[in-house]
Amino acid sequence: MTNPMSEKKIVVIGATGQIGSELVVELRKKHGDQQVVAVSSRSVPKGELANGPHETVDATDRDALKSLFERHCPDTVYHLAGLLSATGEKDPARAWAVNIGSLTNVLDLSRDLGVRQVFWPSSIAAFGPTTPRDNTPQNTVLAPTTMYGVTKVTGELLCQYYWVKYGLDVRSLRYPGLISYKTPPGGGTTDYAVAVYFEAIRNGNYDFFVGPDTVLPMMYMPDAIRATIELMEAPAEKIKVRTSYNLTAMSFSAEELAKTVADHVSGFSCSYSPDFRQQIADSWPRSIDDSAARKDWGWKHEYDLERMTAEMIKNIK
Ligand code: SER
């Protein structure tokens, strides 16, 4: 579907990733296929993601990114490229270089080349073991113990700085674990909440890499995509938080998740073999207070565990 009336020009960096691959499709429905440029560093778009312009650019390469911005003159940039928490712990130097290097490139080039709006994803990983873990407030302790979390806190502060200092309209969400069936996540701690669905249908069993009592905030991808677009479309005066908004839909334990999956997949069984990711999960909140997002720009989630599970199973099958 194209809308030739739309003047918007959008660049999505990290377009073939878990969030990007679904966001690009939604943005193209709204603004037209040609208005949304999908940018990835290596992987080539497939399926419906291929219905529009694509560029292969590594966002840590400032000259290459500058040339991309000059060719496409975006007014809006979604910068989603980055290493997740578990991958980041295996190579912290690379997590810093990729996550912060690409963000500073995007912010500087956006300021200098006339981009109006930038979106950048933060995460529950911005919190740490000294943060209150239940109903974690919007304004609280940000002392993460993963390199991924360090890049998220740093990034939040940079986003706010570019708004305060240069008036660049940067907006951000602290996503909880995101669950989707279209593109798998890569190297995150919350990946078990996606993998369990695929393994339940493929093999009838799943070995969780966290213990049964592990509770983390989560969200189904359609809610996350809608939150992202609603945040970006909200009038600027409604955006009171310029670091990053807390955002959530549900919280459940690995055991509750397994029980819900078992209700939909007969004969499903599971086991628990916590690895290094348990420690990461234990340093993050169990539940999130996102009342600022609900009040400021009207955030409202639609999917709970039951409804998400029914859709995940139906779509994976
Ligand atoms: N889902 C991410 C991860 O597990 C958190 O933002 O790394």
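The following refers to the structure shown. From a predicted model like this one, the values you see are computed outputs, not experimental measurements.

Describing the environment of Leu49
Structurally, Leu49 can be placed in the loop between strand 2 (36–40) and strand 3 (54–56). Each C-alpha atom of the pair Leu49 and Lys259 lies 34 Å from the other, and the pair is 210 residues apart in sequence. Apart from residues no more than four positions distant in its own chain, Leu49 is found in contact with Ala15, Thr16, Ser21, Val24, Val25 and Arg28.

Focus on the environment of Ala236
Position of Ala236 among the secondary structure elements: in the loop between helix 7 (221–233) and strand 10 (245–246). With sequence-adjacent residues up to four places away left out, Ala236 is seen in contact with Asp169, Arg171 and Arg242.

Some points on unusual backbone geometry
Phi angles above zero are rare outside glycine, and Cys73 is one such case at about 45°. With respect to the helices and strands, Cys73 occurs in the loop between helix 2 (62–72) and strand 4 (76–79).

Considering the side chain of Asp169
Tracing the backbone through its elements, the reader meets Asp169 in strand 6 (residues 169–175). Setting aside residues up to four positions removed in sequence, Asp169 forms contacts with Arg116, Gln117, Val118, Trp163, Ala236 and Arg242.

A short note on the sheet that holds strand 7 (residues 177–179)
Spatial ordering of the open sheet is given by 7-9-11, a layout of three strands whose pairing is mixed. Two strands in the sheet have a free side with no partner beyond their single neighbour: strand 7 and strand 11 (250–253). Neighbour-to-neighbour, the strand axes of the sheet open up by a mean angle of 45°, direction not taken into account.

A closer look at helix 1 (residues 20–31)
Across its twelve residues, helix 1 extends 16 Å between first and last C-alpha, which sits within 8% of the 16 Å expected from 1.5 Å per residue. Elements that come into contact with the buried residues of helix 1 comprise strand 1 (10–13), strand 2, strand 4 and helix 7. In the segment just after helix 1, Gly32 is the residue with positive phi, at about 105°.

Notes on the site of the ligand
Every residue close to the ligand is listed here: Leu84, Ser85, Ser123, Tyr148, Gly188, Thr189, Thr190 and Trp284. The separation between an oxygen atom of the ligand and a polar side-chain atom of Ser123 is 2.6 Å. Thr190 is positioned with one of its side-chain polar atoms (N or O) 2.8 Å from a nitrogen atom of the ligand. Within the shell around the ligand, the residues separate by chemical class into three nonpolar, five polar and no charged.

Some remarks on the environment of Ser41
Within the element layout of this structure, Ser41 appears in the loop between strand 2 and strand 3. You can call Ser41 partly exposed: its relative accessible area is 40%. The spatial distance from the C-alpha of Ser41 to the C-alpha of Glu156 is 23 Å, given a sequence separation of 115 residues. Setting aside anything within four residues of it in sequence, one finds Ser41 in contact with Thr56, Val57 and Asp58.

Considering the sheet that holds strand 5 (residues 117–123)
Pairing is parallel across the open sheet formed by seven strands, whose spatial order is 3-2-1-4-5-6-10. Sheet topology places strand 3 and strand 10 at the edges, where each strand pairs with a single neighbour. Sheet contacts for helix 1: strand 1, strand 2 and strand 4; angle to strand 2, the most-contacted strand, approximately 165°. Together, strand 1, strand 4, strand 5 and strand 6 form the strand contacts of helix 4 (residues 92–112), whose direction differs from that of strand 4 by roughly 175°.

Comments concerning the packing of aromatic side chains
Aromatic ring pairs are reported here in terms of the distance separating the ring centres and the angle at which the planes meet. Across all of its chains, the model carries twelve aromatic pairs by this definition. Look at Tyr161 and Tyr162: their rings are 6.2 Å apart centre to centre, the planes differ by 75°, and that puts the pair in the edge-to-face class. When its relative accessible area of 42% is taken as the criterion, Tyr161 is described as partly exposed. An aromatic cluster is present here, built from Tyr192, Tyr206, Phe208, Phe209 and Tyr272 joined pairwise through their rings. Just above the ring of Tyr166 sits the side chain of Arg111; from NZ or CZ to the centre is 4.6 Å. In this arrangement the basic side chain of Arg277 is found over the ring face of Phe209, its NZ or CZ atom lying 3.5 Å from the centre.

Some remarks on the nonpolar core
By size, the foremost hydrophobic cluster in this structure holds 70 residues, and its most contacted members are Tyr192, Tyr197, Leu257 and Trp297. In terms of residue count, the dominant contributor to this core is helix 7 (seven residues). Not counting residues up to four positions away in its chain, the partners in contact with Tyr192 are Tyr206, Phe208, Phe209, Val210, Thr214, Leu216, Met218, Ala254 and Leu257. Of all hydrophobic cores here, the second largest spans 22 residues; its members include Val11, Val57, Leu65 and Leu109.

Basis of the calculations
- Residues numbered from 1 in each chain as written.
- Predicted model: local features only at pLDDT ≥ 70, side-chain atom pairs only at ≥ 80, totals over all residues.
- Heavy atoms only, no water.
- Helix = DSSP H or I, 4+ residues; strand = E, 2+ residues; numbered from the N terminus.
- Contact = heavy atoms within 4.5 Å.
- Pairing = 2+ DSSP bridges.
- Axes fitted to C-alpha atoms, helices over the stretch in contact; angles between N-to-C directions.
- Expected span 1.5 Å × (residues − 1).
- Near = heavy atom within 4 Å.
- Polar contact = N/O pair within 3.5 Å; in protein donor to acceptor, adjacent residues only side chain to side chain.
- Nonpolar A, V, L, I, M, F, W, Y, C, P; charged D, E, K, R; others polar.
- Buried < 20%, exposed > 50% of the residue type's maximum accessible area, 1.4 Å probe, protein only.
- Phe/Tyr/Trp six-rings, centres within 6.5 Å; stacked < 30°, edge-to-face > 60°.
- Lys NZ or Arg CZ within 6 Å of the ring centre and 35° of its normal.
- Core = buried A, V, L, I, M, F, W, Y, C linked by side-chain atoms within 4.5 Å.

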